[in-house]
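The chain contents come next:
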Amino acid sequence: MLQIFKKTNINFMKYKYIAFGLSGVIIVAGIINIAFGKGLKPGIDFSGGTLIRIMLKSPVDVGEVRQALSEQDLGGSVIQEVGKEKREYIIRTTQAAKGDRRAGEEEIEAHEIMGTKVIEALKSAEDTVALGQGKIDLNNAGRKEIAFVLEPAFPDTAEELASQIISLRVERGVIESFSVLKEPGLADEVISRLEEKTFLGSLTVLSKETVGPQVGKDLRRKATQATIWALLGMLVYIALRFKLSYGVSSILTLTHDVLVTLSIFSFANREINLPVIAAVLTIVGYSLNDTIVIFDRVRDNLKLMRKHSFEEILNVSVNQTLSRSIITSGTVFLTVIALYFFGGEVINDFAFTMLIGVISGSYSTIYQSCPIVYFWQKIFKTKKGLRR
Amino acid sequence: MKKGLRWKVILVVGATALAIYLAYPPAQKINLGLDLQGGIHLVLQVVTEDAITIETDQEITRLHDQLKKKDVTYKTIVKGKLGQLSIQGILSDQEGKLRDLLDESFKDWDYTLISDAATLTIKPGVQQYLKEQSVTQALETIRNRVDQFGVAEPTIQRQGLAGDRIIIELPGVDDPERVKNLIKTTAILEWKLVKAGPAPDEQTLLAPYGGTLSGDAEVVRGDPKRTEGGYYLLDRVAVVTGKDLRNVRRSVDEWNSPAVSFSLYPEGGRRFEKLTAENIGNSIAIMLDKRVISAPRVEDRIPAASGGIIRGRFTAEEAEDLVVVLRAGALPASIKYLEERTIGPSLGADSIRKGLVSCIVALLLVMGFMVFYYRLSGVNAVVALVLNIVLLAGALGYFKATLTLPGIAGVILTIGMAVDANVLIFERIREELLAGKSILNSIATGFSRAFSAILDSNLTTIISAIFLFQFGTGPVKGYAVTLIIGIAASMFTAVFVSRLIFDLTVTKKKKREKMSI
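Things to note about the overall build of chain A
Okay, step 1: Per the secondary structure count, chain A includes 13 helices and 8 strands.
Okay, step 2: A globule of 388 residues ought to have a C-alpha radius of gyration of about 21 Å, yet chain A, at 28 Å, is considerably larger.
Okay, step 3: Each principal axis of the C-alpha distribution contributes one length, and for chain A these read about 95 × 55 × 35 Å.
Okay, step 4: By the burial criterion, 46% of the 388 residues in chain A qualify as buried.
Okay, step 5: Long-range contacts, defined here as pairs at least 24 residues apart, represent 74% of the contacts in chain A between residues at least 6 apart.

In structure tokens, the structure reads:
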């Protein structure tokens with residue numbers, strides 16, 4: 001039998017004050033940072049704005065990107081490099097175009113104009129020249145448009161050729177040079193026709209998201225409501241299954257996890273977006289999972305260890321479930337690690353939040369939930385049983 | 001094999017077969033969200049006030065007519081707040097006549113008479129009806145346009161049952177900007193007689209008229225993309241509008257540039273013929289959404305039946321799109337975008353790749369750990385885990401749920417959480433074994449005593465996922481769904497299937513041997 005922990009007998013309850021202190025420091029530091037420091041940065045889901053993800057034909061330094069944007073009065077944008085090839089960038093702007101900004105409701109249009117401006121700012125001069133000559137941009141044109149260009153020379157196969165070009169583009173993100181087109185087996189005549197009538201634009205837009213202030217406000221409200229309701233739901237569930245003291249302790253533990261996550265988030269310089277909220281709510285459900293397993297064991301032990309003090313029973317229960325707590329947190333941790341390193345940029349904030357949550361969740365289960373129940377019992381002098 | 005066991009085996013094999021049938025081939029059976037296959041997600045709002053404004057404008061014209069008919073003397077009619085207008089300068093002895101007229105022909109309006117002015121307000125019920133109607137019509141028009149443009153499997157629906165918001169989801173569109181413009185164009189097409197212009201600015205345009213605009217004329221800008229720009233002075237009244245169009249087609253003009261040809265219904269055609277006959281040598285402006293797109297000179301009378309063409313420096317695509325919007329009809333009110341998310345297909349494909357890679361890495365890590373730590377029993381857990389994923393895929397196929405990138409994250413988390421139940425059970429079994437119980441006895445106790453903890457802990461995760469589903473939009477909803485299904489399936493696989501595997505493999509003969517856990 002392989003065991004991480006032989007029969008342990010650690011006096012966890014002894015460390016309760018240290019644990020309270022540590023959590024307190026993290027949470028208070030977070031609150032101070034959120035209130036007076038850098039604060040929590042809402043992503044465009046909540047603040048409104050535009051997020052553009054582009055892929056460039058050839059590598060460009062982040063400095064040059066910033067330069068190009070500030071020349072267009074877009075210096076306030078946040079630029080983030082993706083990958084190491086200097087070809088993919090995420091650009092966020094919460095600025096709205098000046099002058100175009102009328103009443104608040106029109107802001108999305110202004111945001112959209114900004115988005116277009118960002119794209120225009122990053123296009124090279126060659127693109128403008130080629131467009132002026134009436135050529136179409138093979139890196140951004142739609143299927144029909146490409147087919148239309150090919151039609152006069154290849155009336156029968158134009159549609160099919162266009163589909164081939166599009167799927168190559170989907171696979172590569174951007175077509176770097178005309179010679180790449182040989183790969184899927186396009187004939188030389190087709191390529192020379194394309195060279196004549198089209199050009200390869202310097203960038204392609206991978207995604208573009210614009211959220212208006214109205215929607216941002218709605219989502220903020222919904223996210224807060226969902227979190228609070230989920231916490232209340234947990235409270236009711238635990239109070240029904242166990243006793244009120246355990247319900248309160250669970251909720252305090254969960255709130256602890258949410259606060260710790262937010263605190264670390266405020267220092268990590270990441271933005272809060274919808275998937276992050278999803279991760280926080282998952283942590284609310286998941287962290288409770290651990291807590292319940294311990295309480296379940298306490299419930300059993302209260303029957304078995306009638307002569308022992310409550311503190312002892314809590315300690316024994318934590319020790320008995322320790323290896324299980326560590327292992328399941330471990331397996332979830334392994335999967336979240338996989339997501340964090342291999343899941344890509346889009347899901348990275350979610351994975352990061354889950355990482356903190358899983359660690360905080362398993363720590364708080366051991367060091368927070370039981371001490372809180374203990375203090376509740378001490379203060380309110382309730383009977384030792386688990387059922388009312 | 002015991003009889004009870006046989007039925008359990010049949011149940012598990014049956015469920016697995018059903019799940020495979022429901023999910024295979026995944027490319028066809030499992031819906032991918034917009035974030036994975038690329039596409040456009042739009043939330044737009046119908047400016048329902050427009051419907052009231054249009055109604056008010058129409059009623060003002062009718063009111064002028066009626067007042068004239070009934071010989072009511074008045075000075076003027078002015079528009080007030082939204083849905084309000086007032087008739088001013090009424091002679092006091094004509095009040096009765098006015099009341100009769102309003103009671104009889106303007107039943108949709110509430111009115112108050114104070115000294116020489118009457119204020120009319122559209123009744124709240126009617127306002128509600130007009131607004132409601134404008135959303136329904138907008139929905140219909142947008143659906144027509146999208147259908148004509150040819151998007152596969154679009155979703156176009158109202159947000160809520162009575163709201164003024166419309167959600168549009170168009171998967172797999174490779175040219176998002178174009179579709180967006182197509183939806184947004186109000187597409188009000190009008191032919192108006194040009195009095196003067198184009199001029200570089202309003203002052204120059206109005207100079208010959210003493211700088212003031214007469215009531216029957218209006219100043220309209222030329223669309224900078226379609227014309228030389230500048231300002232036109234036009235007749236306020238449109239002679240022919242988009243409603244008169246019988247058919248439109250993409251075609252080319254005499255210089256072979258893309259254009260749109262149209263034909264008119266007989267009545268509109270007659271008006272068009274009269275207009276052209278009376279204005280040979282003058283220009284007629286073609287206006288799309290209050291911008292002049294071209295102002296051709298009339299060379300000759302155009303017979304009612306022959307129709308004509310619309311030029312506007314179109315590209316082939318633009319001409320095609322104009323045909324689409326004109327065929328589908330104009331929007332009853334303007335719309336504005338509240339939210340738009342465009343995901344290119346290559347980002348979607350990239351997300352699928354990365355999602356799959358992290359899924360496989362997570363699976364291998366968890367499986368490796370379980371087998372390493374629990375040996376043969378770990379293999380049992382691995383079988384349960386694989387089955388869990390198969391069932392999850394089957395359920396996604398059956399419910400026609402949409403798999404999104406956060407949804408894939410949900411699957412990955414499920415992998416980690418699903419073995420939780422196995423771990424709980426195995427740890428219990430180990431405890432019982434250490435306490436000196438027999439293998440069969442330990443297994444039985446392990447399962448029964450771990451069950452309440454498994455149930456409680458999984459239920460809480462499901463509860464929070466349900467709240468998430470309530471609040472979430474597209475991708476996040478997909479996450480909540482996979483999490484809920486995955487956890488529910490894990491209860492079945494970890495408790496029922498794992499137990500079954502133990503029952504089948506750990507027989508009485510082996511009971512003296514050591515258990516591999």
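This is not the end of the story, as more comes after the structure.
Examining the overall build of chain B
Okay, step 1: Within chain B one finds 14 helices and 19 strands.
Okay, step 2: Over its C-alpha atoms, taken along the principal directions, chain B stretches across nearly 110 × 60 × 40 Å.
Okay, step 3: Per-residue burial over chain B gives 44% buried out of 517 residues.

As for the sheet that holds strand β14 (residues 258-264) of chain B
Residues and elements named next belong to chain B.
Okay, step 1: The strand order across the open sheet built from 3 strands is β13-β14-β17, with neighbouring strands paired in antiparallel fashion. One side of each edge strand has no neighbouring strand; the edge strands of this open sheet are β13 (245-252) and β17 (308-310). The sheet shows a mean angle of 35 degrees between the axes of neighbouring strands, taken without regard to direction.
Okay, step 2: As paired elements, β14 and β17 share 3 bridges and run antiparallel to each other. Its bridge partner being in β17, Ser261 is matched across the sheet by Ile309.
Okay, step 3: Here helix α10 (residues 316-328) sits on the sheet and contacts β13 and β14; the angle it forms with β13, its principal contact strand, is near 170 degrees.

Section: the sheet that holds strand β3 (residues 76-79) of chain B
All names here are of chain B.
Okay, step 1: Strand order in the open sheet formed by 4 strands is β3-β4-β6-β5, with antiparallel pairing between adjacent strands. At either end of the open sheet lies a strand with only one pairing partner, and these are β3 and β5 (109-114). Mean inter-strand twist for the sheet, computed between neighbouring axes without regard to direction, equals 20 degrees.
Okay, step 2: Of the strands in this sheet, β3, β4 (84-88) and β6 (117-122) are in contact with helix α4 (residues 49-69), which crosses β3 at around 175 degrees.

Brief notes about the nonpolar core
Okay, step 1: By size, the foremost hydrophobic cluster in this structure holds 226 residues, and its most contacted members are A:Val284 and B:Ile412.
Okay, step 2: Among the nonpolar cores identified, the runner-up in size contains 9 residues, and B:Leu85, B:Leu98, B:Leu102 and B:Ala118 belong to it.

Re the environment of B:Arg249
Okay, step 1: One can find B:Arg249 in strand β13.
Okay, step 2: Residue B:Arg249 is classed as partly exposed on the basis of its C-beta count, with 14 C-beta atoms lying within 10 Å.

Digging into the interface of chain A and chain B
Okay, step 1: Chain A puts 62 residues into the contact, and the matching count from chain B is 62 residues.
Okay, step 2: If you list the elements that add at least two residues to the side of chain A that touches chain B, you get α6 (143-150), α7 (158-172), β7 (203-211), α9 (213-241), α11 (274-304) and α12 (310-342) of chain A.
Okay, step 3: The element contributing the most residues to the side of chain A that touches chain B is α11(A), with 13 residues.
Okay, step 4: Counted by class, the side of chain A that touches chain B contains 34 nonpolar, 17 polar and 11 charged residues.

Side note on the environment of A:Ile359
All names here are of chain A.
Okay, step 1: Note on placement: Ile359 falls in helix α13 (residues 348-380).
Okay, step 2: Overall, Ile359 belongs to the partly exposed group, with 17 C-beta atoms counted inside 10 Å.
Okay, step 3: As a C-alpha pair, Ile359 and Ile27 span 332 residues in sequence and 15 Å in three-dimensional space.

Re unusual backbone geometry
Residues and elements named next belong to chain B.
Okay, step 1: In this model, Tyr24 is joined to Pro25 through a cis peptide bond whose omega is -5 degrees.
Okay, step 2: Mapped onto the elements of the fold, Pro25 is located in the loop between α1 (3-23) and α2 (26-29).
Okay, step 3: Residue Asp71 is not a glycine yet carries a positive backbone phi of 60 degrees.
Okay, step 4: Within the fold, Asp71 resides in the loop between α4 and β3.

A look at the packing of α7(A) against helix α11 (residues 345-398) of chain B
Okay, step 1: Put simply, α7(A) and α11(B) touch, their axes get as near as 7 Å, and they point 50 degrees apart. With respect to α11(B), the element α7(A) is oriented oblique. As for the relative orientation of α7(A) and α11(B), their crossing is right-handed in sense. In this structure, α7(A) contributes A:Arg169, A:Val170 and A:Glu171 to the contact, and α11(B) contributes B:Pro345, B:Ser346 and B:Ala349.
Okay, step 2: Counted by class, the contact of α7(A) with α11(B) contains 3 nonpolar, 1 polar and 2 charged residues.

Considering the confidence of the model for chain B
Okay, step 1: Scored by pLDDT, chain B comes out at a mean of 86, with 98% of its residues at no less than 70.
Okay, step 2: Here the prediction assigns the complex a pTM of 0.82, and the interface score ipTM is 0.86.

Points about the pairing of strand β9 (residues 189-199) of chain B
All names here are of chain B.
Okay, step 1: Most of β9 sits out of view: 9 of its 11 residues are buried.
Okay, step 2: Of the pairings in the sheet, the one linking β9 to strand β12 (residues 240-241) comprises 2 bridges and is antiparallel in character. Paired with Trp191 across the bridge in β12 is Val240.

Thoughts on the pairing of β7(A)
All names here are of chain A.
Okay, step 1: When you tally the buried positions in β7, you get 9 out of 9 residues, the bulk of the element.
Okay, step 2: Judged from the 8 bridges that link them, strand β2 (residues 49-56) and β7 form a sheet pairing that is antiparallel. Bridge pairing in β7 places Thr50 opposite Thr210.

Looking at the environment of B:Ser257
Okay, step 1: Locating B:Ser257 in the fold gives a position in the loop between β13 and β14.
Okay, step 2: Note: C-alpha distance between B:Ser257 and B:Gly416 (159 residues apart in sequence) is 61 Å.

As for the packing of helix α1 (residues 16-36) of chain A against α13(A)
Residues and elements named next belong to chain A.
Okay, step 1: Interaxial distance between α1 and α13 falls to 10 Å at its minimum, and their mutual angle equals 115 degrees. With respect to their mutual orientation, α1 and α13 come out roughly perpendicular. When the axes of α1 and α13 are compared, the crossing they make is left-handed. Taken together, the residues of α13 that come into contact with α1 (itself represented by Lys16, Ala19 and Ser23) are Tyr367, Gln368 and Pro371.
Okay, step 2: Among the residues forming the contact of α1 with α13, the class breakdown is 3 nonpolar, 2 polar and 1 charged.

So, the confidence of the model for chain A
Residues and elements named next belong to chain A.
Okay, step 1: Taken over all residues, the pLDDT of chain A has a mean of 83, while the share at 70 or more is 93%.
Okay, step 2: Put simply, helix α4 (residues 107-122) is where chain A has its lowest mean pLDDT, 74, and β2 is where it has its highest, 90.
Okay, step 3: The low-confidence segment residues 99-105 (pLDDT under 50) makes 8 contacts with residues lying over four places distant or belonging to another chain.

What counts, and at which threshold
Residues numbered from 1 in each chain as written. Chains lettered and ligands numbered in written order. Predicted model: local features only at pLDDT ≥ 70, side-chain atom pairs only at ≥ 80, totals over all residues. Helix = DSSP H or I, 4+ residues; strand = E, 2+ residues; numbered from the N terminus. Rg over C-alpha atoms; globule rule 2.2 N^0.38 Å. Buried ≥ 20, exposed ≤ 12 C-beta atoms within 10 Å, placed from the backbone. Contact = placed C-beta atoms within 7 Å. Pairing = 2+ DSSP bridges. Axes fitted to C-alpha atoms, helices over the stretch in contact; angles between N-to-C directions. Core = buried A, V, L, I, M, F, W, Y, C linked by C-beta atoms within 7 Å. Nonpolar A, V, L, I, M, F, W, Y, C, P; charged D, E, K, R; others polar. Parallel < 35°, antiparallel > 145°, perpendicular 65-115°, else oblique. Left-handed = near helix turned anticlockwise from the far one by under 90°. pLDDT = per-residue confidence, 0-100.

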